[in-house]
Amino acid sequence: SYDPIWYIFHSMVSYHEAIWKDCHDYDEISPEELDNSEDAFSTFCDADSCDVGQGLDDPMFYGGLLQTHPWSFVSQQSLTVRKAYHLDRWNVKYDLTGDGFYGKSGLKDYCQGKLNTEWFINADKATQSTDIDMNKEEKILSSGTKGNMIINDIIKNNTVLIAVMFVVIIFGFALLRAFCGNNKNKINDLYAPLNGINAAYGSV
């Protein structure tokens, strides 16, 4: 939980959960009536049985030292699905201004007229921002395509030139290596007497 990406990831998970509830009008079900709506909430079940501890009033497990801190909610009382189900009880509200996910995923059409203003605000601005962003993306993609076409044309029309440049680079690298090798040999010859002394007395 010390990783900042952890908070961003779980905030997005919470957003997905909230938009699913709100677009299905499950936000209109009071916490006390959630037992009567299996579509709004049901415990996870596999082919054999349902897991224990996932009921509406089962306390959630929190490891570590979180329960020992007085500022923590779970230090004073247990947290359950029923308590956490409605966002407005926790003063959580999502601002959809510039939200590309809401605009491009089809949620803006599916959830139109259903959003709870206590949960989500500025849905209309998300739609406008998305249209602008899509135009920008189309321009970027088209410019990128044009750039790739230009590069491909240069390569096709100048294949011989590119091959010559490649040969020149390789030849230059070989000359540089030979020149450096000769200088190294000269330096070794210059310090040959000292090398003999070092061999006799050792190095410092």
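About the criteria used
- Residues numbered from 1 in each chain as written.
- Predicted model: local features only at pLDDT ≥ 70, side-chain atom pairs only at ≥ 80, totals over all residues.
- Heavy atoms only, no water.
- Core = buried A, V, L, I, M, F, W, Y, C linked by side-chain atoms within 4.5 Å.
- Buried < 20%, exposed > 50% of the residue type's maximum accessible area, 1.4 Å probe, protein only.
- Helix = DSSP H or I, 4+ residues; strand = E, 2+ residues; numbered from the N terminus.
- Contact = heavy atoms within 4.5 Å.
- Disulfide = S-S within 2.5 Å.
- Salt bridge = Lys/Arg side-chain N within 4 Å of Asp/Glu carboxyl O.
- Phe/Tyr/Trp six-rings, centres within 6.5 Å; stacked < 30°, edge-to-face > 60°.
- Lys NZ or Arg CZ within 6 Å of the ring centre and 35° of its normal.
- pLDDT = per-residue confidence, 0-100.

## Details of the nonpolar core
Ranked by internal contacts, the top residues of the largest apolar core, which has 14 residues, are Ile19, Leu96, Tyr102, Cys111, Leu115 and Phe120. For this core, the element with the most residues is helix α1 (residues 4-23), which contributes four residues. Excluding residues within four positions of it along the chain, Leu96 makes contact with Tyr15, Tyr102, Leu115, Phe120, Ile121, Asn122, Ala123 and Ala126. In terms of nonpolar packing, the next biggest core, distinct from the first, is built from seven residues, Tyr26, Ala40, Leu56 and Val81 among them.

## Comments concerning the state of the cysteines
Evaluated as defined, the whole model comprises one disulfide. Each disulfide pairs two cysteine sulfurs, and for Cys23 the partner residue is Cys111, the sulfurs being separated by 1.7 Å. The S-S bond linking Cys23 to Cys111 shows a torsion near 105°; that makes this disulfide right-handed. Of this pair, Cys23 sits in helix α1 while Cys111 sits in the loop between α4 (107-110) and β2 (120-121); the two residues are 88 residues apart in sequence, bridging distant segments of the chain. An identical accessibility class is assigned to Cys23 and Cys111; each is buried.

## Points about the pattern of salt bridges
Overall, the coordinates contain three salt bridges when judged by the stated rule. With its nearest N and O atoms 2.9 Å apart, the salt bridge here joins Asp35 to Arg82. Remark: Arg82 occurs in helix α2 (residues 81-84) and Asp35 occurs in the loop between α1 and α2; sequence separation between them is 47 residues. Judged by its relative accessible area of 14%, Arg82 is buried. In this structure, the salt-bridge partner of Arg82 is Asp57, at a minimum N-O distance of 2.7 Å. Here the residue Arg82 occupies a position in helix α2, and Asp57 occupies one in the loop between α1 and α2, the gap between them amounting to 25 residues.

## Points about the side chain of His86
Along the chain, His86 falls in the loop between α2 and β1 (94-95). The residues touching His86, leaving out its near neighbours within four places in the chain, are Tyr26, Asp27, Ile29, Ser30, Pro31, Leu34 and Trp119.

## What about the packing of aromatic side chains?
With the rule as written, the count across this model stands at seven aromatic pairs. Both rings, one in Tyr15 and one in Phe120, keep their centres 6.0 Å apart while their planes meet at 70°; by these two values the pair is edge-to-face. A residue pair is termed long-range when its members are at least 10 positions apart, and Tyr15 in helix α1 and Phe120 in strand β2 qualify at 105 residues. When its relative accessible area of 3% is taken as the criterion, Tyr15 is described as buried. Of the residues examined, Phe120 reaches a relative accessible area of 3% and is grouped as buried. Put simply, the rings of Tyr15, Tyr94, Phe101 and Phe120 touch in pairs and so form one group of aromatic residues. The ring centre of Tyr85 lies 4.0 Å from the NZ or CZ of Lys21, which sits over that ring. A cation over an aromatic ring shows up here: Lys114 above the ring of Tyr110, its NZ or CZ 4.4 Å from the ring centre.

## A word on the environment of Cys111
By relative accessible area, Cys111 is classed as buried at 1%. For the pair formed by Cys111 and Ile19, sequence separation is 92 residues and the distance between their alpha carbons is 8.5 Å.

## Some words on the confidence of the model for the protein
For the protein, per-residue confidence averages 77 on the pLDDT scale, and 68% of positions sit at 70 or higher. Ranking the elements of the protein by mean pLDDT puts helix α7 (residues 192-201) last, at 47, and α2 first, at 92. For residues 197-204, every residue scores under 50 in pLDDT, and the model assigns this stretch two contacts once sequence neighbours within four places are set aside.

## Notes on unusual backbone geometry
Positive phi, normally seen in glycine, also occurs at Asp25, with a value near 65°. By secondary structure assignment, the location of Asp25 is in the loop between α1 and α2. The class of Asp25 is partly exposed, set by a relative accessible area of 30%. Of note, Asn91 is a non-glycine position whose phi angle comes to about 55°, a positive value. Its place among the elements puts Asn91 in the loop between α2 and β1.

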